[in-house]
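Residues per chain, in single letters:
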Amino acid sequence: MGKTLFIAEKPSVALEFARVLGVNGKKGDGFVESENAVVTWCVGHLITMSYPDAYDPALKRWSLDRIPFIPTEWKYEVIENVKKQFGVVSSLLNRKDVDTIYVCTDSGREGEYIYRLVRQEAHVTGKTEKRVFIDSQTEDEIRRGVREAKDLSYYDPLASSAYLRAKEDYLMGINFSRALTLKFGNVLANSLKTNREVVSVGRVMTCVLGMVVRREREIRDFKVTPFYRVLAAFQMNGNSFEGEWRVVAGSGYFESPALYKENGFRKKEDAEALIKLLSDDPPLSHTVVRIEKKQEKKKAPLLFNLAEFQNECSKRFRISPDAALNHLQQLYEKKLVTYPRTDARVLSTAVAKEIYKNIGGLKSLDFSRPFVEEILSKKAYAGIEKTQYTNDSKITDHYAIIPTGQTGAYNSLPPLQKSIYELVVRRFLAIFYPPAVYEKIQVETERKKEHFFSNFRALKEPGYLKVYQTSEKKDEEDEQDAGGTLLNDLLSLKKGDVLSADRYDVKEGQTTPPKRYTSGSLILAMENAGQFIEDEDLRSNIKGLGIGTSATRAEILKKLVTIEYLQIQSKTQVVTPREKGELVFEVVSASLPQLLNPDLTASWEKGLGLVSDGKITENEYMGKMSEFVRTKTDRVKGIQNPQLIRPRFDAVTAVYRKK
């Protein structure tokens with residue numbers, strides 16, 4: 001009987017597999033071996049795609065005559081600084097006494113690709129190959145993953161999509177970057193006053209650049225418009241609150257050109273004229289003409305996927321998506337949380353039925369103990385598989401990010417990681433609590449045919465907010481808190497009652513431009529095909545097409561910063577374009593505008609998903625991709641006078657020279 005080889009993506013993961021599986025033999029250089037098994041590891045990627053000059057030395061020189069470059073047979077090579085470990089892995093994969101290989105790289109497209117490349121370049125044949133897919137690195141999950149490992153061939157569609165994603169990025173990067181650099185590089189260098197510039201473009205990163213530049217230009221071109229609101233100051237049994245004037249049918253200002261929307265005026269004089277009208281004939285009595293009272297229930301948000309987690313970390317801790325993922329990955333490797341690179345925000349039915357195990361393990365932590373005891377005593381987890389928090393149809397590879405219930409490494413965490421872990425735990429425990437209940441009241445009063453509106457919201461039952469205080473906004477910007485005795489007074493109000501105003505005030509406001517993206521909100525926008533959707537419920541209901549994947553979005557943003565196309569303000573995480581990035585935006589806009597379109601970029605990602613699901617073939621996708629690259633490259637080559645872009649460049653540089 002031959003030996004079994006386990007191959008992981010990282011040394012730390014491999015050593016954990018070795019410990020759990022009892023592979024306690026001799027430690028070699030790059031592997032661990034016992035009598036019946038061997039454990040080895042990659043160090044991330046060991047293999048990369050070869051540059052064009054590996055196909056033909058003449059392709060090292062960039063030339064329009066030699067593009068588009070679309071290989072029919074693809075070449076790969078070992079990455080220089082990891083050749084030693086590749087040699088170790090390759091020899092182990094091909095050892096005659098090894099008859100079974102368990103692939104334990106990360107459970108997703110990128111992890112699949114890492115092993116498939118190693119397998120390909122090591123020329124592995126005649127072995128039984130099994131794929132281990134796990135959701136956490138706990139002992140039980142590792143053993144389950146090995147026990148239930150499927151034949152590697154089961155994941156062939158996933159591997160095909162991984163190869164295609166890499167080929168797509170390669171073809172677009174190589175051909176479009178060369179074409180645009182050869183056409184526009186000199187003009188770009190002249191504008192930036194540098195010796196040489198390369199125009200770097202990519203399937204996803206150019207689209208993200210476009211999102212940020214377009215948002216910046218909306219802000220830059222925004223014209224502030226002042227407006228003037230009229231507010232009434234009411235007193236009720238010692239409690240004060242405001243009423244806002246709004247125009248209604250029957251008002252003296254109905255359909256007046258003096259209005260700015262329904263609740264303000266374009267000129268201050270018109271607002272003051274309304275106050276004069278209302279202030280005549282004191283007392284300033286207002287009759288209640290309508291009062292609406294209702295309760296609103298708000299459920300705990302869905303669980304974290306990676307994008308939601310990165311956005312929340314950006315807001316709460318002011319850290320980049322890349323840093324957030326790194327911290328989460330460390331928590332995963334310390335068995336504290338489940339697999340981080342997931343798009344799902346729900347549990348699987350199988351996990352939901354045994355979720356009490358995850359909950360129970362959190363009893364050892366001081367901050368979560370009271371919540372855990374309450375959940376367990378009430379058996380609040382019972383039936384969670386029948387709620388919105390469990391949905392097998394919304395899970396592809398992995399369910400949402402949740403705590404494993406193992407807490408042994410918690411005390412050794414640095415402070416920030418403790419806070420991040422606590423965030424995940426609280427989000428998780430919140431789903432086992434009832435909704436928060438709000439009392440909402442709207443009061444409409446009338447004086448001299450002019451109507452004032454007051455909106456109130458009071459928290460009646462905290463529900464899940466006991467555990468997880470969200471950073472949500474009020475449903476209405478003009479909602480006032482109805483705390484203390486005010487709520488009881490408002491609840492006793494009825495139609496026909498009279499309220500007295502102390503005074504009227506003019507409140508000046510002004511229109512505001514769109515918000516700049518933060519690193520976190522940009523990740524969410526990428527997940528939702530270019531739209532940053534602030535509403536939690538709306539986000540959860542959208543089955544949108546993402547730009548990039550959970551595993552790649554942070555890295556793409558990081559690259560855009562590295563190549564000086566974007567910048568991120570460290571304290572606020574606000575993202576803005578740099579001059580070079582905005583000039584490259586102009587280049588792409590003038591030549592390959594499709595690359596700036598989130599819908600197109602998302603459709604490519606959808607195509608990869610269809611390949612992964614086995615719904616279209618690798619050849620079908622490759623044919624469409626090759627034609628797209630060929631057509632668009634030829635279009636750039638056909639541009640006759642790249643200097644025509646100069647006025648656009650001048651307009652951009654003028655903005656940055658002012659700063």
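Data block above holds the structure.
In this text, all values refer to a predicted model and were calculated from it rather than measured experimentally.

Participant: Explanation requested: empty space enclosed by the protein in the structure shown.
Facilitator: Take a probe with the size of a water molecule and roll it over the atoms, and the empty space left behind shows itself. In the structure shown here, the tally under the stated rule is two cavities of 30 Å³ or more. Considering only enclosed or pocket space, the largest cavity measures out at about 50 Å³ in volume. Every residue along the wall of the largest cavity is listed here: V13, F17, C104, T105, D106, S107, V132, I134, Q137 and Y332. Quantified by volume, the second largest cavity comes out at close to 40 Å³. What lines the second largest cavity is M172, R203, Q594, L595, L600, T601 and W604. By residue class, the composition of the lining of the second largest cavity is four nonpolar, two polar and one charged.

Participant: What should I look at first to understand the packing of helix α1 (residues 11–21) against helix α4 (residues 139–147) in this one?
Facilitator: Between two packed helices, what matters for the description is the angle formed by their axes and the separation of those axes. Taken N-terminus to C-terminus, the directions of α1 and α4 make an angle of 85°; their axes are 10 Å apart at the nearest point. The angle between α1 and α4 places the two elements in the roughly perpendicular class. Mapping the contact onto sequence places E16, F17, R19, V20 and L21 in α1 and E139, I142, R143 and V146 in α4. Residue composition of the contact of α1 with α4, by class: five nonpolar, no polar and four charged.

Participant: What is the right way to read the pattern of salt bridges from this model?
Facilitator: If the charged atoms of two oppositely charged side chains come close together, the side chains can form a pair. Enumeration according to the criterion identifies 58 salt bridges in this entry. As a salt-bridge pair, R345 and E308 come within 3.5 Å of each other at their nearest N and O atoms. Of this pair, R345 sits in the loop between α9 (321–333) and α10 (349–352) while E308 sits in helix α8 (residues 306–317), placing them 37 residues apart in sequence. Here the residues in one salt-bridge network are R109, E110, R165, E168, D169, R203 and E605, joined through shared partners.

Participant: In this structure, what is going on with the nonpolar core? I would like to understand it.
Facilitator: One broad rule of soluble globular proteins: the nonpolar side chains tend to lie buried together. L93, I101 and L180 are the most contacted members of the largest nonpolar core, which has 92 residues in total. For this core, the element with the highest residue contribution is helix α5 (residues 156–192), accounting for 15 residues. Residues in contact with I101, not counting those within four places in the same chain, are L5, I7, L93, Y115, V124, K127, T128, E129 and K130. By size, the runner-up hydrophobic cluster in this structure holds 76 residues, among which are L306, F309, L347 and I431.

Participant: What's the story with the pairing of strand β11 (residues 239–246) in this structure? I'm lost.
Facilitator: β11 sits mainly inside the fold: six of its eight residues count as buried. Looking at chain direction, β11 and strand β14 (residues 450–461) are connected through three bridges and run antiparallel. Among the inter-strand pairings, W245 is bridged to a residue of β14, identified as F452.

Participant: Please clarify how the packing of aromatic side chains should be interpreted in this entry.
Facilitator: What characterises a pair of aromatic rings is the spacing of the ring centres plus the angle enclosed by the ring planes. Under the definition given, this model contains 24 aromatic pairs. Relative to F265, the ring of W245 has its centre 4.9 Å away and its plane inclined at 10°; by these criteria the two rings are stacked. Linking W245 in strand β11 with F265 in the loop between β11 and α7 (268–279), this pair joins segments that are 20 residues apart in sequence. When its relative accessible area of 0% is taken as the criterion, W245 is described as buried.

Participant: I'm lost on the environment of K394 in this one. Help?
Facilitator: Positionally, K394 belongs in the loop between α12 (369–378) and α13 (415–430). Its relative accessible area of 36% is what places K394 among the partly exposed residues.

Participant: Just checking my understanding: could you explain the pairing of strand β7 (residues 98–104) for this structure?
Facilitator: Along any regular strand, the residues point their side chains to alternate faces of the sheet. Counting buried residues along β7, six of its seven residues qualify, which places the element largely inside the surrounding structure. As judged from the four bridges shared by β7 and strand β8 (residues 128–131), these two strands associate in the parallel manner. Within the sheet, the bridge partner assigned to I101 lies in β8 and is E129. Each parallel crossover has a hand, and the one from β7 via helix α3 (residues 109–122) to β8 is right-handed.

Reading the values: the criteria
- Residues numbered from 1 in each chain as written.
- Predicted model: local features only at pLDDT ≥ 70, side-chain atom pairs only at ≥ 80, totals over all residues.
- Heavy atoms only, no water.
- 1 Å grid on protein atoms, 1.4 Å probe; cavity = no way out; pocket = protein on both sides within 12 Å on 5 of 7 lines; lining within 4 Å.
- Points joined across faces, edges and corners; volume = space filled by probe spheres on them.
- Nonpolar A, V, L, I, M, F, W, Y, C, P; charged D, E, K, R; others polar.
- Axes fitted to C-alpha atoms, helices over the stretch in contact; angles between N-to-C directions.
- Helix = DSSP H or I, 4+ residues; strand = E, 2+ residues; numbered from the N terminus.
- Parallel < 35°, antiparallel > 145°, perpendicular 65-115°, else oblique.
- Contact = heavy atoms within 4.5 Å.
- Salt bridge = Lys/Arg side-chain N within 4 Å of Asp/Glu carboxyl O.
- Core = buried A, V, L, I, M, F, W, Y, C linked by side-chain atoms within 4.5 Å.
- Buried < 20%, exposed > 50% of the residue type's maximum accessible area, 1.4 Å probe, protein only.
- Pairing = 2+ DSSP bridges.
- Phe/Tyr/Trp six-rings, centres within 6.5 Å; stacked < 30°, edge-to-face > 60°.
- Right-handed = clockwise from strand over helix to strand, strands pointing away.

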